[in-house]
Every structure is written in structure tokens, then in C-alpha cells.
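# Descriptive structure summary
Listed here are the chains, written in short residue letters.
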Amino acid sequence: MSILGLKKKQPKTFKVKVTTMDAEMEFSCEVKWKGKDLFDLVCRTVGLRETWFFGLRYTVKDTYAWLKPDKRVLDQEVPKDSPITFHFLAKFFPEKVEDELVQEITQHLFFLQVKKQILDEEIFCSPEASVLLASYAVQAKYGDYDPNFHKPGFLAQDELLPKTVLMQYQMTADMWEEKITAWYAEHRGIARDEAEMEYLKIAQDLEMYGVSYFDITQNKRDTDLLLGVDAQGLHIYSPNSKLTPNKSFPWSGIRNISYSEKEFTIKPLDKKKDVFKFYSSQLRVNKLVSRAALAVSALVDAAVGLQILQLCIGNHDLFMRRRKVDSIEVQQMKAQAKEEKARKKMERQILAREKQMREEAERAKEEMERRLFQLQDEARLANEALLRSEETADLLAEKAQIAEEEAKLLAHKAAEAEQERQRLEVNAMKTKEEKRLMEQKMREAEQLAVKLVEQSERRLKEADHLKQDLTEAKDAERRAKQKLLEITKTTYPLIAAYSAPPPVPASASAPAAPPGAGAAYETTSSRLDFKDSDMKRLSMEIERERLEYMEKSKHLQDQLKELKSEIESLKLEEQQQQPHPHPHPHLSHLPHQQAAGMYALHDARTYTPEPLYIPHSNRNSALVSQMAFFEEV
């Protein structure tokens, strides 16, 4: 066989690129392949068995169309690019995701597609539901929340919320992340497939979930409406509201749907109800529009009409299929999926148990390490304390030895102190007796001093009287002398006459003297003689009193000297004994003369003692003060 013949037998191929929600694949397809052949190849590559939910979608003149399975790929209105791009997407949606989606790959593909539709705002979602869905999406992507690993800002690169939700509130990205993380932390222990299923359970309750919208007109007057096709039936919406339908036709209430030349007819099962007709679009004729544009518009309208019809047929078939017994293939798939879920659940439990055990082991290890560090610190502290204790013990031993020596010395001193105490007691007894005798002598000396003072006062009074008498006598003597002089001057001629010899008898030659003159002279002479005798007598008495006073003073001085000697001996004995506090602190700082000044002196020879209270227990100090007093005396 020639090489040219081999080349002729090789089939012609074309390139195809299929984009799923999480991957891109390229295939080399034969020219004769139908849409089903390419679809089956993609499903086998992905590992998908629940193929009835999915389809291959392509773009025609800004309009989406689904690849027909029973027609060759190149014979359809696919783009003529190379490679031809198809999107592998869910074409039909289940009524209840937890009951109908069996395979994990099916759940994952639905999760990715619904999540993209919510983020692209093809499905309206409230802010609260958006945050909750975002938390399940984070759980599916990152697993369990770990505050040590998932630091603030770990969601900065993820798109989790629709833009309208982000713009609706004046919140920063960090605030949204904090809200999502708060929900995310509560999903601990949920596996990825479970988190995706929870996401789909919440999403299937949204009003726009699984609904395909088409622009329609109800009549020739171009009343614009929206047609929604989903797993429950057909719904008619106002153009400005895709959430609440104006009219609904459930699959269970539809008897027939027909399509002919852009006109759809819905015949209800109840024949009493009116038939609903609508048009997929209304071609507006314009004279300026070319025939080519009209042809393209006609093709687009036909494609949209066929797409609506295919969606209605497919959703109705699935609706009827759900109400029948599952096929053997579906039953096997569900059984395998159940076993797979059980196996994965067991594996997750084992993994969770191992993870828990590992965490417990890590915690135990950390605790042991912490305990080890603590014990090491305690051992180090104990060693340091032991060293300090040894040093303290050595120091205490030295102190004990010193204390023992001090105790011996103190015992010796105590014995000496006891002997000294006994000696002092004996001396105290002697001193008490001596004090008693000295006090007795002091009392006698005080009594004697009192008597001397009284006698001195009496003598002083007598001396004053005598002085007064002496003064009076001197005055009388002075007066007498003055009178005598006067008399002498007046009688001097007479005396001279009498003293001369009489020449003649008196009777014959001179007159006789006065009779009273001689008597006066005699009286004056006798008075002068009397005054001289009194003065002599008075002087003798004064001298005698002075001699007596001097003798008594000498006797008193002798007694004071004797008392002073005794006091000096007592002072020496007291200095040898323990000194006692001063009995009169307020007088201890006074000079000796001020202490003795308590006795007021009247003159050099007489004194008047002031009363001084001396306690019986402080006689020695009183003796010192009294000695000072007697020294002054």
C-alpha cells in the first residue's frame, strides 16, 4: 500500500477547546463526530456519570446556544474559529440538590457554577445570605479554621461577595472579612463536599436559582415580557422584575407546548383555562435593514426559539423522571455514592480521630515540654536554693559557734552580774541604814537650822531695837551736848566770877546770883553722867551678844563640816554603785547655786528656808541639794 493511499484514509479532524468551571481541555475531534460524541468524551475525561444535567454551550452573535447531541458538530452554527470553544455547564437544575446530585464531581461543578452566577449577580442574593454562602465557600476551600494559620487578611485575594453587596454598605474589606470569618469559624469539622452541599442547599432557595430567562412578547402590539424556564415549570415575569412571576405554569399543569414560526403555545391540562401564546421575539422591519441582517436576525430568532423548546423538553423530562423509579444506572450510582460517602465518612472520622489524637499528642508534647522547662527551672532554682542553703548553713554554723561563745561569755557575765547584784544588795542594805542615819542627822540639822534661824530673827529684832535705842540715845546725847554748850555760853561769865576769889563779901560788893542757876547746872551734869553709863552698858550688852552669836556660829560650822564629810563619804559610795536617774529632772540641769537658791537669804547672817518636797525614795539627791544649801549658809 502506498503512502498516498494511507494519507487518504486518515480521517480529517478539527480542534476543540472545552472550558469547565475549574479546568480547560483541548481535544482533537473527527469531522463526522456528532455533538453526543464530543459530549461523551468530555464527560469521560471529567469522570462525570450524571450527564443529563450538563451540556456544551457556545456563543452565536452575542447569543448563547447549546450543542445538539444528535447532529454533527460542524453542521451546527458553531464558531468557525480554531479551536472551537465550548463551555461545559449545567443546563438543567435539580429540584432538591441533596436528593438528586449523587456524585461528588457533580456537586462540585454545580457549586462552582452557582457560586459564579451569584458573584456575577445573575442570581440575586441578599447581603446576609451572601455572607453565609461565602463562609461555606471558605470552608470548602481552606478547611477548618485555624487562628494560628488563618491570620487577618488571608481572604484578601478571594472574591466572595457580589459587588452590589460590597457597595451597599460602607464597610471595609477587613470588616467584611471579619464577618465572614466569624461564620467560617462555626463550620469546623465540615468536609469540602459537605460544605459545597450546604452552599447549594441555601442557594436553591433563592428566587433566581436555576431559572433561564428569555425576552418574549405576548402579542403583535409588542408587550415585552420575560419567560423563565426552570425545574418547576414556566413563569412569566415583568421586564423589571425577575424575582416574582406574574403567572406560572407548573409542569404538572401543562398538557402540551408547541412552537411554530416564533410562536409558542402553552396548553394547560385544565381545558377550562385559556391557552397562552407568546413570541420569542418580534422582528421589526425597517426599510434601511438589509436582507443579510434580516436573515441573521431570523437565524437568531430561530435559535432562541429552539433553545426555549429544548429547555422546556429537558426540564419536563427530568420532572417526569423524578417521579418515577430510578433506573438501574441511577440506583447503582446512588449505592456507590452511598458507599463512597460512608467510606469517606469513616475515613473522615478516622482522620478526625487521628487528628484529634495528634492534636492531643501535640498538646501533651507541648505540655510535657512546658513541664520539662518548668522542672528544669525548678531544678535550677532548687540548685541555687541548695547552694544558698549550704552557704546559709555554713554561715549559721559560724553564727552558732559565735553564739555559743557569746552564750558562755554572757553566762560568765551573768554570774559576775549576780555576784555584783548580791554585793550591791548588801551595800544597798548598808546604804539604806546609812541613809536612815543620815536622814535622821539631816532632820536634826534642819531642826537646828530652823532654831538658829528663829534665834537669828529674834536677835535681829533685838538688834534693831537696840539700834533704835542707840540712835535715840545718840540723839539725846547730841541734844544734851547742844544744850550744854548753850548753857555753857550763857553761864560762862558766872562761872568765871565764881571761880575768882571773892574780893569782898558778896553781900557788900555785888548782887546775889539767881536762885535757880546752880540747880540747873547740877541737873545737866547728872543727865550727862546718866547717858554715858547707858551707852557703856548698851555697848557691853551688844558685845556680849556678838560673842555669843560667834560661838554659836562656830559650833554650827563644826556641825556642818561634820555633815559635809559624811555626805562626801556617801557620794563616794554612790559613785561606786549604779547611777540612778535624777529625782528632779527639772532641777538636774540647774547650777549648784540655783539649786541652793531655793532657800532665800535675807542677809549675810540670817536666812529663811522655803518649803521643798523631797520624796522618801530620793533622799540621796535631796542630801546633795541640802549640802549645797549648808555650804551657802
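Cut-offs applied
- Residues numbered from 1 in each chain as written.
- Predicted model: local features only at pLDDT ≥ 70, side-chain atom pairs only at ≥ 80, totals over all residues.
- Heavy atoms only, no water.
- Helix = DSSP H or I, 4+ residues; strand = E, 2+ residues; numbered from the N terminus.
- Buried < 20%, exposed > 50% of the residue type's maximum accessible area, 1.4 Å probe, protein only.
- Contact = heavy atoms within 4.5 Å.
- Areas by Shrake-Rupley, 256 points an atom, 1.4 Å probe, with all protein chains shown as cover.
- Pairing = 2+ DSSP bridges.
- Axes fitted to C-alpha atoms, helices over the stretch in contact; angles between N-to-C directions.
- Salt bridge = Lys/Arg side-chain N within 4 Å of Asp/Glu carboxyl O.
- Phe/Tyr/Trp six-rings, centres within 6.5 Å; stacked < 30°, edge-to-face > 60°.
- Lys NZ or Arg CZ within 6 Å of the ring centre and 35° of its normal.
- Parallel < 35°, antiparallel > 145°, perpendicular 65-115°, else oblique.
- Left-handed = near helix turned anticlockwise from the far one by under 90°.
- Nonpolar A, V, L, I, M, F, W, Y, C, P; charged D, E, K, R; others polar.
- Expected span 1.5 Å × (residues − 1).

## Side note on the overall build of the protein
- The number of helices and strands found in the protein is 15 helices and 14 strands.
- Put simply, the protein has 633 residues, and 28% of those count as buried.
- In the protein, the share of contacts with a sequence separation of at least 24, taken over all contacts with a separation of at least 6, comes to 62%.
- Carbon and sulfur atoms make up 56% of the accessible area of the protein, which amounts to about 42,600 Å² in all.

## Describing the sheet that holds strand β1 (residues 13-19)
- Taking strand neighbours across the sheet as the criterion, the five strands line up as β2-β1-β5-β3-β4 in an open arrangement whose pairing is mixed. With one partner strand each, in any of the chains shown, β2 (24-30) and β4 (63-66) form the two edges of the open sheet. Going from strand to strand, the sheet's axes swing by 35 degrees on average, the running direction of each strand aside.

## Here we look at the pairing of β4
- In this sheet, β4 lies alongside strand β3 (residues 54-60) in antiparallel orientation, the contact comprising four bridges. Bridging from a neighbouring strand, T59 pairs with Y64 of β4.
- From the end of β3 to the start of β4, which pair antiparallel, there are two residues, and K61 there has a positive phi angle of about 50 degrees.

## A short note on the pattern of salt bridges
- In the structure shown here, the tally under the stated rule is 24 salt bridges.
- Here E95 ties to R323 by a salt bridge, and the two come within 3.3 Å at their closest N and O atoms. Here the residue E95 occupies a position in the loop between β5 (84-90) and α3 (97-100), and R323 occupies one in the loop between α9 (291-322) and α10 (328-499), the gap between them amounting to 228 residues.
- Given the relative accessible area of 22%, E95 is considered partly exposed.
- When its relative accessible area of 48% is taken as the criterion, R323 is described as partly exposed.
- Between K201 and E198 there is a salt bridge, with its nearest N and O atoms 3.7 Å apart.

## Examining the packing of aromatic side chains
- Evaluated as defined, the whole model comprises 18 aromatic pairs.
- One aromatic cluster is present, formed by F39, W52, F53, F54, F88, F93, F110 and Y209 through successive ring pairs.
- The residue whose ring lies beneath R57 is Y64, and the NZ or CZ to ring-centre distance is 3.9 Å.
- The residue whose ring lies beneath K242 is Y213, and the NZ or CZ to ring-centre distance is 5.0 Å.

## Digging into the packing of helix α5 (residues 127-142) against helix α7 (residues 173-184)
- Running from N to C, α5 and α7 point in directions that differ by 70 degrees, and their axes come no closer than 8 Å. Considered as vectors, α5 and α7 are oriented roughly perpendicular to each other. Here the hand of the crossing between α5 and α7 comes out right-handed. Here V131, L132, A134, S135, V138, Q139 and Y142 of α5 lie close against α7, whose contacting residues are W176, K179, I180, W183 and Y184.
- For the contact of α5 with α7, the residue count by class is nine nonpolar, two polar and one charged.

## Quick look at the environment of M197
- Along the polypeptide, M197 turns up in helix α8 (residues 192-203).
- Among the residues examined, M197 registers a relative accessible area of 9% and is labelled buried.
- Through-space distance from the C-alpha of M197 to that of Q107 is 6.8 Å; in sequence the pair is 90 residues apart.
- Each residue touching M197, except ones within four places of it in the same chain, is listed here: V97, E98 and Q107.

## Structural notes on unusual backbone geometry
- Of note, the amide linkage connecting S82 to P83 takes the cis form, showing an omega dihedral of 0 degrees.
- Tracing the backbone shows P83 in the loop between β4 and β5.
- Here the phi dihedral of E121 falls at roughly 65 degrees; this positive angle occurs in a residue that is not glycine.
- When its relative accessible area of 37% is taken as the criterion, E121 is described as partly exposed.

## Describing the packing of helix α4 (residues 104-119) against α8
- As a packed pair, α4 and α8 sit with axes 9 Å apart at the nearest point and diverge in direction by 50 degrees. Classified by the angle their axes make, α4 and α8 are oblique. Regarding α4 and α8, the two cross each other, and that crossing is left-handed. Contacts between α4 and α8 involve E104, Q107, H108, F110, F111, V114, K115 and I118 on the former and, on the latter, R192, D193, E196, M197, Y199, L200 and A203.
- Of the residues in the contact of α4 with α8, the class split is eight nonpolar, two polar and five charged.

## A look at α4
- For α4, spanning 16 residues, the distance from its first C-alpha to its last is 22 Å, which sits close to the expected 22 Å at 1.5 Å a residue.
- Most of α4 is tucked away: twelve of the 16 residues are buried.
- Listed as buried for α4 are T106, Q107, H108, L109, F110, F111, L112, Q113, V114, Q117, I118 and L119.

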